[in-house]
Amino acid sequence: MRVPPYFPDTPAVREALAARLALAAQLDRDVGRILDELAADGLEDDTIVFFWGDHGEGIPHGKRSLNEHGLRVPLVVRVPSRFADRAGHEAAQATTDALVSLLDLGPTALDLAGVPIPDWMEGHSVLGPHARAAQVVIGARDRMDAVSGFGRTVRERRLRYVRNIL
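What counts, and at which threshold
- Each chain carries its own residue numbering, running from 1 in the written order of its sequence.
- Totals for whole chains, interfaces and linings use all residues, but because this is a predicted model, local features are given only for residues with pLDDT of at least 70 and pairs of side-chain atoms are given and counted only at 80 or more.
- Only heavy atoms go into the side-chain values, all of them from the structure, while hydrogens and water stay out.
- Each patch is assembled from residues with relative accessible area greater than 30% and no salt bridge, linking like charges that lie within 9 Å and nonpolar side chains (Val, Leu, Ile, Met, Phe, Trp, Tyr) that lie within 5 Å.
- Shrake-Rupley sampling with a 1.4 Å probe provides the accessible areas, and residues are treated as covered by the protein chains on show and by no other component.
- Salt bridges, as used here, are contacts in which a Lys or Arg side-chain nitrogen is within 4 Å of a carboxyl oxygen on Asp or Glu.
- By the criteria applied, helices consist of DSSP H or I runs no shorter than four residues and strands consist of E runs no shorter than two, each listed in order from the N terminus.
- Relative accessibility thresholds used throughout: buried, under 20% of the residue-type maximum; exposed, over 50%; partly exposed, between the two (1.4 Å probe, protein chains only).
- At least two bridges found by DSSP between two strands is the condition for calling them paired.
- Between N-to-C directions, angles span 0 to 180 degrees; the directions come from axes that are lines fitted to C-alpha atoms, helices contributing only their stretch in contact.

**Student:** Could you give an account of a nonpolar patch on the surface, with specific residues and numbers?
**Tutor:** Taken together, the side chains of Trp52, Leu75, Val100 and Leu102 present a nonpolar region at the surface, about 310 Å² in accessible area. Within the secondary structure layout, Trp52 lies in strand β1 (residues 49–52). By relative accessible area, which is 42% here, Trp52 ends up partly exposed.

**Student:** Could you give an account of the pattern of salt bridges, naming the residues involved and the relevant values?
**Tutor:** Under the counting rule described, the total for this entry stands at 9 salt bridges. For Glu68, the salt bridge is made with Arg160, and the minimal N-O distance between the two is 2.7 Å. Taken together, the residues span a long stretch of sequence, with Glu68 in helix α2 (residues 68–71) and Arg160 in strand β5 (residues 160–165) at a distance of 92 residues. Given a relative accessible area of 28%, Glu68 falls into the partly exposed group. Judged by its relative accessible area of 26%, Arg160 falls in the partly exposed class.

**Student:** Hey, could you go over the sheet that holds strand β3 (residues 136–142) for me, with residue numbers and the actual values?
**Tutor:** Pairing is antiparallel across the open sheet formed by 3 strands, whose spatial order is β3-β4-β5. In this open sheet, the two edge strands, each paired with only one partner strand, are β3 and β5. Taken pair by pair, the neighbouring strands of this sheet meet at an average axis angle of 10 degrees, ignoring direction. Where strand β4 (residues 150–156) lies against β5, 6 bridges are found, and the strand directions are antiparallel. Its bridge partner lying in β5, Arg152 is registered against Arg163.

Scope: geometric values only; no functional claims are made or implied.
Here's what the structure looks like:
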């Protein structure tokens, strides 16, 4: 196991990282089972799947952190071919380096479903007829467990500004 350089290479850290990898493997099996059930029920071509990860438990550089490791999470959207024209892309598999906030998932789901996005809703569609690219994304940390203080961050394509407030 490769221990990231910001963690001490100790047996306890290795055990914690191994446990996270085991949970990820179990998650992969569970998601595969759910996708198989959709196919068995004849719903595979009618279902848009959103799948994203958490920021990690309260470990150093995890979700308590306003840096890239603390805020960048995996996001996979599976759009069946029957919705490809609505999604605004031709390829069955496409990747993007666009800035996306998890607040964008609600507006995106509505847009893909053909439902108007309410003006009061935060975020914006990233796939669909009303999709638009974000210039910045904003993040925040407030009263996380035993961590005092709070912080704010603004991320644009090249740079991130972080303000830690005690």
